[in-house]
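Tertiary structure, described
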Amino acid sequence: MIDDLPDPLMRVTGLTKLYGRYVGCRDVSFALWPGEVLCVVGESGSGKTTLLNCLSGQLPLTAGKVEYDTRIDGVVDLATLSEAARRLLRRTDWGVVHQNPRDGLRMAVSAGANVGERLMAVGERHYGRIRGEALDWLGRVEIDGGRIDDLPATFSGGMQQRLQIARNLVTRPRLVFMDEPTGGLDVSVQARLLDLMRTLVTELSLSAVIVTHDLAVARLLAHRLMVMYRGEVVETGLTDQVLDDPHHAYTQLLVASILQP
Amino acid sequence: MTTPSTTRAAGYNFAYLDEQTKRSIRRTILKAMAVPGYQAPFGSREMPLPYGWGTGGIQATAAIIGPDDVLKVIDQGADDTTNAVSIRRFFALTAGVRTTERTPEASIIQTRHRIPETKLAAGQIVVLQVPMPEPMRRLEPRETETRKMHALAEYGLMHVKLYEDIAHLGKISTAYDYPVKVNGRYVMAPSPIPKFDNPKLDMSPALQIFAAGREKRIYCLPPYTEVKSLDFDDHPFEIEQWDKACALCGATDSFLDEVIADDAGTRVYVCSDSDHCAERRAAGHIGATPDALAETP
């Protein structure tokens, strides 16, 4: 039974990040398997975003290590990679979706160029193919192909967020980091985005680490849930299990705080 | 038409700048030559002309010029424009060097926005004035980030710019300051020369120095350096073409300026390189309307 399990895509051991005297996150350990969606929930300041930035190699760790199963070199400790290799990983095998699409998009260039940028960054030099790929991806995230030459600033918030997702997925990454992907969107747009994300994650068998404070997002998307409180993981388990039978006092508070319409 | 050396103006060091400053700039030039296309920072000084008029170029020229040099200065290809005349006079005055309008006779050619039509020879030095040395600045405003991108040779962004051109206009519309890749490594802004001049950068026997005074950067193309203009496989790099010939000398292979010839709005096309045009006329080539600009004062 155990032998049938594939190797984890990412393994985190004792990850600790301190900002001077303050704790960003402390002693976080978990493994993420291919095709698995992990949601990190917790209140503001609980260290969710710090954890995400550490995982995606954008912040150096104070202690612990993050290992990733790369396509070419097998399992590597991210800290041992050169900056060039880390950046390459980030724009090929990974995706990073920011809460505010303006942080993840290039607002000065058209939607097509936004989607095509990663392709050009990995050496695609054929305009027709780049454009074809961009059109295909706009379609997949339900953006009208006629808007391919429009600036993202002319898009609505939900469209910008979907464009950001397309821009990240165009190189077929295996792992996507999302920081509050539905934050700042109204409820109906949120629902549509969640639906789209669920489809894409299944279709492409993506692994994802999603940071959110919205338990509805977690319930819809996540296979597993990790609850953070004051920089530490206080509870972890299958999504339904954690939400239906919360053990830790904070998780109980969190679940009890969901508004019932 | 080389003007003999004059006596230097008293009270100034040779070529205006002090010796230590010139040495420091020469060190930067050597460093920039060692890594073709790399933007080497240097301690740019205040010069007696405004930023944007060639403060970088004038410092590079001052650093490398010697008493035996012959200087040519052009602005948009012409030897007789205000900026060109002023800078030429500046060095005649402070360095007492010989100046010329003839490209083959010059040992140093300081230029803005053009590279002479006449083929350059080994031993000549071209100094280009650069307003914005960073080719990716419009797309990536952070200097820390562009430096990192240069260091790691992450140049996908340059093609985003070209992609935008094609997406909006059907072709690469960038007409000047067309980005190039130097020696297969650094992407470089060739200063606002028309893309017509880009092929002249490639494998040039002359040393080419690019100096930006306000941005405090110097970069170089040593002689015989490979320079490739960026493009797409299905949208290859092309230079401008005209269906007209120069009205004065009849040249069909030079960069043409459109000039309004009289009050009636008659438009003529003439060579932008004034020396090249004059040489051709002296050699007997005549265009369709050789007197087109005779009336202009």
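This write-up is about the structure you can find in this document. Quantities reported herein were computed from a predicted structural model and do not represent experimental measurements. (Residues numbered from 1 in each chain as written. Chains lettered and ligands numbered in written order. Predicted model: local features only at pLDDT ≥ 70, side-chain atom pairs only at ≥ 80, totals over all residues. Heavy atoms only, no water.)

**Observations concerning the pairing of strand S10 (residues 232-238) of chain A**
All names here are of chain A. Inclusion rule: Pairs of strands are assigned from DSSP output, requiring at least two bridges between the strands. Only DSSP runs of H or I reaching four residues or more are called helices, and only runs of E reaching two or more are called strands; each is numbered from the N terminus.
Pairing of strand S9 (residues 224-229) with S10, which is carried by 6 bridges, proceeds in the antiparallel orientation. Note that in S10 the partner of Leu 225 across the bridge is Gly 237. Counted along the chain from S9 to the antiparallel partner S10, the turn is 2 residues long, and its residue Arg 230 has a positive phi close to 50 degrees.

**A short note on the nonpolar core**
Definition in use: Only buried residues count toward a nonpolar core, which is a set of Ala, Val, Leu, Ile, Met, Phe, Trp, Tyr and Cys residues joined through side-chain atoms within 4.5 Å. Classification of residues uses two cut-offs on accessible area relative to the type maximum, computed with a 1.4 Å probe and protein chains only: under 20% is buried, over 50% is exposed, and between them is partly exposed.
Val 115, Leu 163, Ile 210 and Leu 225 of chain A together with Tyr 163 and Phe 232 of chain B are the most contacted members of the largest nonpolar core, which has 66 residues in total. Of the residues forming this core, the biggest block, 7 residues, is contributed by helix H5 (residues 156-169) of chain B. Residues Ala 15, Ile 25, Phe 42 and Val 97 of chain B belong to the second largest nonpolar core, which totals 31 residues.

**Here's the deal with the sheet that holds strand S3 (residues 70-75) of chain B**
Residue and element names in this part refer to chain B. Applicable threshold: Any two residues whose heavy atoms approach within 4.5 Å at even a single point are treated as in contact. Angles shown run from 0 to 180 degrees and are taken between the N-to-C directions of axes, each axis being a line fitted to C-alpha atoms and, for helices, limited to the stretch in contact.
Pairing is mixed in the open sheet, where 8 strands are placed in the order S1-S4-S3-S5-S6-S9-S10-S2. Since the sheet does not close on itself, it has two edges, and those belong to strand S1 (2-3) and strand S2 (40-41), each with one partner. By the bridge criterion, 4 bridges tie strand S5 (residues 108-112) to strand S6 (residues 125-129) in an arrangement that is parallel. Looking across to S6, one finds that Ile 109 is bridged to Val 126. Contacting S2, strand S9 (207-212) and strand S10 (217-221), helix H1 (residues 19-34) crosses the sheet at an angle of about 45 degrees to S10.

**Considering unusual backbone geometry**
Residues and elements named next belong to chain B. Unlike most non-glycine residues, Ala 15 shows phi in positive territory, near 60 degrees. Along the chain, the position of Ala 15 falls in the loop between S1 and H1. A residue is classified by how much of its surface remains accessible, and Ala 15, at 0% relative accessible area, is buried.

**Notes on the state of the cysteines**
Here is the idea: a disulfide is a covalent bond, and it sits between the sulfur atoms of two cysteines. Note the following rule: Only a pair of cysteine sulfur atoms within 2.5 Å qualifies as a disulfide here.
Enumeration over the complete set of coordinates arrives at 0 disulfides over all chains. Cysteine Cys 277 of chain B remains unbridged, with the sulfur of Cys 246 of chain B as its closest cysteine sulfur at 3.7 Å.

**Looking at the interface of chain B and chain A**
Quick reminder of the rule: Take the accessible area each of two parts loses on contact, using a 1.4 Å probe, and add the two losses: that sum is the buried area. The term salt bridge refers to a side-chain nitrogen of Lys or Arg lying within 4 Å of a carboxyl oxygen of Asp or Glu. Identification of polar contacts relies on pairs of N or O atoms within 3.5 Å, with a donor-acceptor requirement for protein atoms, meaning one able to donate a hydrogen and the other able to accept it, and with residues adjacent in sequence counted only if both atoms are side-chain atoms. Side-chain classes follow a simple rule in which Ala, Val, Leu, Ile, Met, Phe, Trp, Tyr, Cys and Pro form the nonpolar group, Asp, Glu, Lys and Arg form the charged group, and the remainder, Gly included, forms the polar group.
Each partner contributes residues to the interface: chain B has 21 residues there, and chain A has 21 residues. Note on chain B versus chain A: buried area summed over both sides is about 1900 Å², and carbon and sulfur give 59% of it. Viewed at the interface, chain A and chain B are joined by 5 salt bridges. Counting across the interface, chain B meets chain A through 13 residue pairs in polar contact (both at pLDDT 80 or more). Considered class by class, the residues forming the side of chain B that touches chain A number 9 nonpolar, 4 polar and 8 charged.

**Remarks on helix H1 (residues 48-55) of chain A**
Along H1 of chain A, 6 of the 8 residues are buried, which leaves the element largely enclosed by surrounding structure. Taken as a whole, H1 of chain A has its buried residues at Lys 48, Thr 50, Leu 51, Leu 52, Cys 54 and Leu 55 of chain A.

**Section: the sheet that holds strand S11 (residues 227-229) of chain B**
Within a sheet, each strand pairs with its neighbour through backbone hydrogen bonds, oriented either parallel or antiparallel. Residues and elements named next belong to chain B. Taken together, 3 strands build an open sheet; the order of strands is S8-S7-S11 and the sheet is antiparallel. Each edge of the open sheet is held by one strand with a lone partner, namely strand S8 (186-188) and S11. This sheet shows a mean twist of 30 degrees between the axes of neighbouring strands, independent of strand direction.

**A closer look at the packing of helix H4 (residues 111-121) of chain A against H5 of chain B**
What counts here: Note that the term roughly parallel is reserved for angles under 35 degrees, roughly antiparallel for angles over 145, roughly perpendicular for angles of 65 to 115, and oblique for everything else. Left-handed is the label given to a crossing in which the near helix is rotated counterclockwise from the far helix by less than a right angle, and right-handed is the label when the rotation is clockwise.
It is the contact of H4 of chain A with H5 of chain B, at a shortest axis distance of 8 Å, that shows an interaxial angle of 140 degrees. With respect to H5 of chain B, the axis of H4 of chain A lies oblique. Remark: the crossing between H4 of chain A and H5 of chain B carries right-handed chirality. Here Gly 112, Ala 113, Glu 117, Met 120 and Ala 121 of chain A of H4 of chain A lie close against H5 of chain B, whose contacting residues are Gly 156, Leu 157, His 159, Val 160, Tyr 163 and Glu 164 of chain B. Residues that form the contact of H4 of chain A with H5 of chain B fall into these classes: 6 nonpolar, 3 polar and 2 charged.

**Considering the pattern of salt bridges**
Considering all chains together, one arrives at 40 salt bridges over all chains under this definition. Of the charged contacts in the structure, one is a salt bridge between Glu 117 of chain A and Arg 167 of chain A, with a shortest N-O distance of 3.0 Å. Of the two residues, Glu 117 of chain A is situated in helix H4 and Arg 167 of chain A in helix H6 (residues 157-169); the sequence distance between them amounts to 50 residues. Judged by its relative accessible area of 12%, Glu 117 of chain A falls in the buried class. The buried category is assigned to Arg 167 of chain A, whose relative accessible area is 13%. Among the ionic pairs, Lys 22 of chain B bridges to Glu 19 of chain B, the shortest N-O distance being 3.1 Å. Taken as a pair, Lys 22 of chain B and Glu 19 of chain B lie in helix H1 at a separation of 3 residues, close to a single helical turn.

**Considering the packing of aromatic side chains**
All names here are of chain A. Put simply, the test is: The aromatic pairing rule takes the rings of Phe, Tyr and Trp, using the six-membered ring of Trp, and pairs them if the centres are within 6.5 Å, calling planes under 30 degrees apart stacked, those over 60 edge-to-face and the rest tilted.
Enumeration according to the criterion identifies 14 aromatic pairs over all chains in this entry. Each ring, one from Tyr 229 and one from Tyr 250, has its centre 4.6 Å from the other, and the planes form 20 degrees; the classification is stacked. Here the residue Tyr 229 occupies a position in strand S9, and Tyr 250 occupies one in helix H10 (residues 249-256), the gap between them amounting to 21 residues. The exposure class assigned to Tyr 229 is partly exposed, which follows from its relative accessible area of 25%. Its relative accessible area of 6% is what places Tyr 250 among the buried residues.

**Looking at the packing of H6 of chain A against helix H7 (residues 187-203) of chain A**
Residues and elements named next belong to chain A. Their axes nearest at 10 Å, the elements H6 and H7 cross at an angle of 15 degrees. With respect to their mutual orientation, H6 and H7 come out roughly parallel. Here H6 runs over H7; the crossing is right-handed. Where H6 abuts H7, its residues Gly 158, Gln 161, Arg 162, Ile 165 and Leu 169 lie against Val 189, Arg 192, Leu 193, Leu 196, Met 197 and Leu 200.

Shape is all these values report; function is a separate question.
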